[in-house]
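# Notes for the structure review
Now for the letters of each chain:
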Protein chains: 2
Amino acid sequence: MTGIDDVARAAGVSAATVSRALSGRGRISDATRARVRAAAADLGYVVSAAASALATGRASNVGVVVPLLDRWFFANVLDGIASRLASEGYDMTLYSMSDDRAQRDGVLDTSLRRGRVDGLIVLSVTLADDEVDRMLALELPVVGLSATTSRFPALRVDELAVARAATEHLLGLGHRRIAHIGAGYAGDPGLDIPSLRRHGFASAMADAGIPDAPFAAADFTIEGGHRAALALLERDDPPTAIFAASDEIAFGALFAARDRGLDVPGDLSVVGVDGHEMGDFFGLTTVAQFPHEQGERAADAVLAAIDGRDEIGDLAFRLVERTSTSAPRGGLAEVAGRPSP
Amino acid sequence: MTGIDDVARAAGVSAATVSRALSGRGRISDATRARVRAAAADLGYVVSAAASALATGRASNVGVVVPLLDRWFFANVLDGIASRLASEGYDMTLYSMSDDRAQRDGVLDTSLRRGRVDGLIVLSVTLADDEVDRMLALELPVVGLSATTSRFPALRVDELAVARAATEHLLGLGHRRIAHIGAGYAGDPGLDIPSLRRHGFASAMADAGIPDAPFAAADFTIEGGHRAALALLERDDPPTAIFAASDEIAFGALFAARDRGLDVPGDLSVVGVDGHEMGDFFGLTTVAQFPHEQGERAADAVLAAIDGRDEIGDLAFRLVERTSTSAPRGGLAEVAGRPSP
DNA sequence: CTGAAAGCGCTTACAG
DNA sequence: CTGAAAGCGCTTACAG
């Protein structure tokens with residue numbers, strides 16, 4: 001491999017000067033800098049990551065702690081992180097935290113302690129308190145993305161507002177019998193996403209004068225949504241609209257409507273959350289989140305944190321109206337300028 | 001940060017001995033080894049990646065070159081790679097090769113040349129010849145996964161056999177009017193996956209005495225499959241079965257059948273390829289591949305290559321029969337023991 | 001089996 | 001603006 005001395009020789013300067021020319025740090029004449037850079041490009045020389053890291057204490061590498069690495073959403077987040085990091089000259093190494101105890105310990109107690117990274121992005125992994133302790137003990141800048149703990153800074157979307165946006169969209173169309181499919185109150189109700197969405201739904205409904213809006217529990221899958229929606233549709237007063245806590249749940253609800261011979265949106269309106277890549281095909285109205293952009297934001301935030309700056313803030317979302325929602329059949333939709341009684 | 005000298009002091013030995021005890025290399029008494037390891041565990045000491053890499057020339061890190069990091073399949077492959085690598089003490093850093101020219105150059109000419117990795121796994125990125133040149137110039141062990149070049153070793157599934165399995169499943173059920181939806185002949189027909197699948201289909205049909213089986217082109221999406229299937233179903237002699245080159249295409253075909261009021265599998269059988277996570281919900285018969293296992297195999301293969309060994313071989317696939325395929329209505333299915341005329 | 005010492009390839013005060 | 005030299009934290013022949 002060609003090293004710094006080869007470049008120094010080719011450019012007729014010392015290794016120190018090569019280092020300065022390439023890193024941009026320290027004063028150096030424009031002429032020498034140009035000569036050195038040309039020589040380096042010529043020889044295809046690139047600074048060794050290990051030597052540079054050892055000498056400076058900076059690894060130019062960011063770790064990303066991910067849950068089961070197999071969800072559509074996370075893959076998109078990763079892509080966003082990677083693209084932003086790359087443009088700043090950082091690499092990205094992945095640490096996957098599954099449910100396997102030994103594996104998690106390995107990540108926290110060994111992998112992450114090797115000093116390979118300058119900072120950490122933690123995607124929404126659910127961490128036990130002692131795991132957070134160990135992560136903080138690393139003394140590394142940490143940025144969470146929808147983290148389920150508040151012990152390190154995290155980018156979040158305002159999930160209460162997300163749920164309100166979906167619910168108010170339905171209310172605005174004239175629906176009153178609106179049901180929610182999601183998960184029950186699980187972890188910290190102030191941070192747990194399913195809890196926040198359910199809470200946002202309930203409070204939007206209450207504000208509209210509908211205190212006990214129906215709820216059905218489901219895990220975040222098509223199957224779960226399908227089953228829950230079927231149950232909801234069998235009630236004596238079936239809902240005219242469903243707010244599903246995720247797009248996959250919503251897909252399940254859409255299938256349930258077809259199975260029951262219901263027209264969407266004529267008989268049943270459905271709105272989801274996520275912006276799933278298949279949503280367009282299903283014509284699903286949804287509150288889209290932007291995983292790729294979230295990844296970029298997270299990358300910017302760690303880089304800022306590594307730099308001692310703070311770039312924590314709220315993440316965007318947007319209601320995307322498609323064909324799965326409309327006014328209820330025979331419903332009294334509010335018409336602009338003619339307020340309902 | 002606690003360093004090797006702290007451990008040496010605590011254990012009452014030299015740094016050299018600590019290094020030997022922790023790495024397992026070099027002779028050392030059982031007693032000292034135990035004492036050193038205890039001291040290290042006590043202090044939470046872990047060898048610095050940078051220092052170790054610089055001293056040994058080994059980074060204990062594998063690079064994974066990935067295409068647009070946003071497909072379900074790749075996410076699963078990555079998960080497989082990560083889990084296997086982690087258990088061998090290796091980290092995994094990702095290099096994403098999008099369509100952006102500058103970004104690809106950055107990966108090939110800079111990131112990968114930093115010496116951060118001991119080996120490379122290349123997921124099915126389509127590489128230009130000069131890009132392959134530059135990758136080989138790295139002089140790193142490289143293992144491809146379904147690579148579109150034969151200039152480095154790669155793990156592959158026998159795509160001809162995959163297509164035959166799907167087609168023969170349909171033929172065995174008694175279908176004769178079988179259509180294929182896939183992509184046209186694109187790259188190297190001997191390596192390009194869509195081409196191989198189409199070719200496998202055509203040859204299985206030809207072997208069954210059906211030379212010019214219908215084909216419709218589509219990109220590998222639900223929309224593409226939907227459109228192509230609709231076209232196929234409008235023919236004078238619509239197919240009784242469709243072999244789709246991917247599960248997403250197959251989903252599109254399933255939707256097309258519903259749109260046309262066709263019963264699946266009564267009026268139309270559909271078989272896909274992939275083992276998509278939603279396949280079960282759709283009841284889709286498919287030729288499943290195993291992305292997680294593929295990832296593990298790829299990890300094993302680079303590790304072997306780093307070690308100078310060869311572990312290249314074929315990847316598994318399996319026909320998974322669900323409810324989207326059956327004998328054609330009124331078709332003359334072969335009955336066991338009663339061969340058809 | 002164990003230690004002292006050189007060396008891995010850079011970076012950065014320190015001089016000049 | 002530029003160079004000589006020490007140092008980053010390990011590993012590994014070389015002695016003993």
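The shown structure was predicted, so the numbers you read here are calculated from the model rather than taken from an experiment. (Residues numbered from 1 in each chain as written. Chains lettered and ligands numbered in written order. Predicted model: local features only at pLDDT ≥ 70, side-chain atom pairs only at ≥ 80, totals over all residues. Heavy atoms only, no water.)

### Comments concerning the domain arrangement of chain A
Each assigned domain of chain A is listed with its residue range as follows: domain 1 (4-47), domain 2 (61-152 + 293-315) and domain 3 (159-284). Domain 1 of chain A and domain 3 of chain A are separated by 61 Å when their C-alpha centres are compared. (Domains from an automatic or database assignment.)

### Examining the pairing of strand E8 (residues 241-244) of chain B
Residue and element names in this part refer to chain B. By the alternation rule, side chains of E8 split into Ala241 and Phe243 and Ile242 and Ala244, which are all buried. Relative to E8, strand E6 (residues 178-182) runs parallel, the two sharing four bridges. Counterpart to Ile181 in the pairing with E8 is Ala244. In terms of strand pairing, E8 meets strand E9 (residues 269-274) through three bridges, oriented parallel. The partner of Phe243 across the bridge, within E9, is Val271. Each parallel crossover has a hand, and for E8 linked through helix H11 (residues 247-259) to E9 it is right-handed. (Buried < 20%, exposed > 50% of the residue type's maximum accessible area, 1.4 Å probe, protein only. Helix = DSSP H or I, 4+ residues; strand = E, 2+ residues; numbered from the N terminus. Pairing = 2+ DSSP bridges. Right-handed = clockwise from strand over helix to strand, strands pointing away.)

### As for the protein's contact with DNA strand C
The local shell around DNA strand C holds 25 residues, among which Ser19 of chain A together with Thr17, Arg20, Arg27 and Thr32 of chain B are the closest. Across the atoms of DNA strand C situated within 4 Å of the protein, the share located in sugar and phosphate is 69%. Separating a base nitrogen of DNA strand C from a backbone N or O atom of Ala51 of chain A is a distance of 3.4 Å. For the surface near DNA strand C, the secondary-structure elements that each account for two or more residues are helix H2 (15-23) and helix H4 (49-56) of chain A together with helix H2 (15-23) and helix H4 (49-56) of chain B. A per-element tally of the surface near DNA strand C places H4 of chain A first, with four residues. (Near = heavy atom within 4 Å. Polar contact = N/O pair within 3.5 Å; in protein donor to acceptor, adjacent residues only side chain to side chain.)

### Quick word on the protein's contact with DNA strand D
Among the 25 residues in the neighbourhood of DNA strand D, the closest are listed as Thr17, Arg20 and Thr32 of chain A together with Ser19 and Arg25 of chain B. The contact atoms of DNA strand D, taken as those within 4 Å of the protein, divide so that sugar and phosphate hold 69%. Thr32 of chain A has a polar side-chain atom sitting 2.7 Å from a phosphate oxygen of DNA strand D. Arg20 of chain B has a polar side-chain atom sitting 2.7 Å from a base nitrogen of DNA strand D. Considering each element in turn, the surface near DNA strand D owes the most residues, four residues, to H4 of chain B. Looking at the surface near DNA strand D, its residues break down into eleven nonpolar, nine polar and five charged. (Nonpolar A, V, L, I, M, F, W, Y, C, P; charged D, E, K, R; others polar.)

### Quick word on the pattern of salt bridges
Residue and element names in this part refer to chain A. Overall, the coordinates contain 45 salt bridges over all chains when judged by the stated rule. As a salt-bridge pair, Asp6 and Arg9 come within 3.4 Å of each other at their nearest N and O atoms. Taken together, the residues span about one helical turn, with Asp6 and Arg9 both in helix H1 (residues 4-11) at a distance of three residues. When its relative accessible area of 29% is taken as the criterion, Asp6 is described as partly exposed. Accessibility expressed as a relative area gives 61% for Arg9, which makes it exposed. Taking the shortest distance from any N to any O, the salt bridge between Arg260 and Glu234 comes out at 3.7 Å. Here Glu234 lies in the loop between helix H10 (222-233) and strand E8 (241-244) and Arg260 lies in the loop between helix H11 (247-259) and strand E9 (269-274), a separation of 26 residues in the sequence. Accessibility expressed as a relative area gives 57% for Glu234, which makes it exposed. (Salt bridge = Lys/Arg side-chain N within 4 Å of Asp/Glu carboxyl O.)

### Quick look at the packing of H2 of chain B against helix H3 (residues 30-43) of chain B
Residues and elements named next belong to chain B. Viewed as axis vectors pointing N to C, H2 and H3 meet at an angle of 90°, and their least axial separation amounts to 9 Å. Comparing their axes, H3 and H2 come out roughly perpendicular. Touching Thr17, Val18, Ala21 and Leu22 of H2 are Thr32, Arg33, Val36, Arg37 and Ala40, all from H3. In the contact of H2 with H3, the residues fall into five nonpolar, two polar and two charged. (Axes fitted to C-alpha atoms, helices over the stretch in contact; angles between N-to-C directions. Parallel < 35°, antiparallel > 145°, perpendicular 65-115°, else oblique. Contact = heavy atoms within 4.5 Å.)

### Thoughts on the UniProt feature "domain: HTH lacI-type" (unreviewed entry) in chain A
The positions UniProt marks with the feature "domain: HTH lacI-type" (unreviewed entry) are residues 2-56 of chain A. When the span residues 2-56 of chain A is considered, its composition is 71% helix and 0% strand, and the gap between its end C-alpha atoms is 21 Å. (UniProt positions renumbered as here; feature names shortened; annotations may be inferred.)

### Examining the interface of chain A and chain B
Each partner contributes residues to the interface: chain A has 47 residues there, and chain B has 47 residues. Carbon and sulfur atoms make up 59% of the area that chain A and chain B hide from each other, which totals about 4,300 Å². Considering only the surface of chain A that becomes buried against chain B, Arg114, Arg116 and Phe281 of chain A emerge as the three largest contributors, covering 16% of it. On the surface where chain A and chain B come into contact, there are four salt bridges. Where Asp91 of chain A meets Arg116 of chain B, a salt bridge forms, and the shortest distance between an N and an O atom there is 2.6 Å. Inspection of the region where chain A meets chain B yields 16 residue pairs in polar contact (both at pLDDT 80 or more). In terms of residue count, the dominant contributor to the side of chain A that touches chain B is strand E2 (residues 91-96) of chain A (six residues). (Buried area = accessible area lost by both parts, 1.4 Å probe.)

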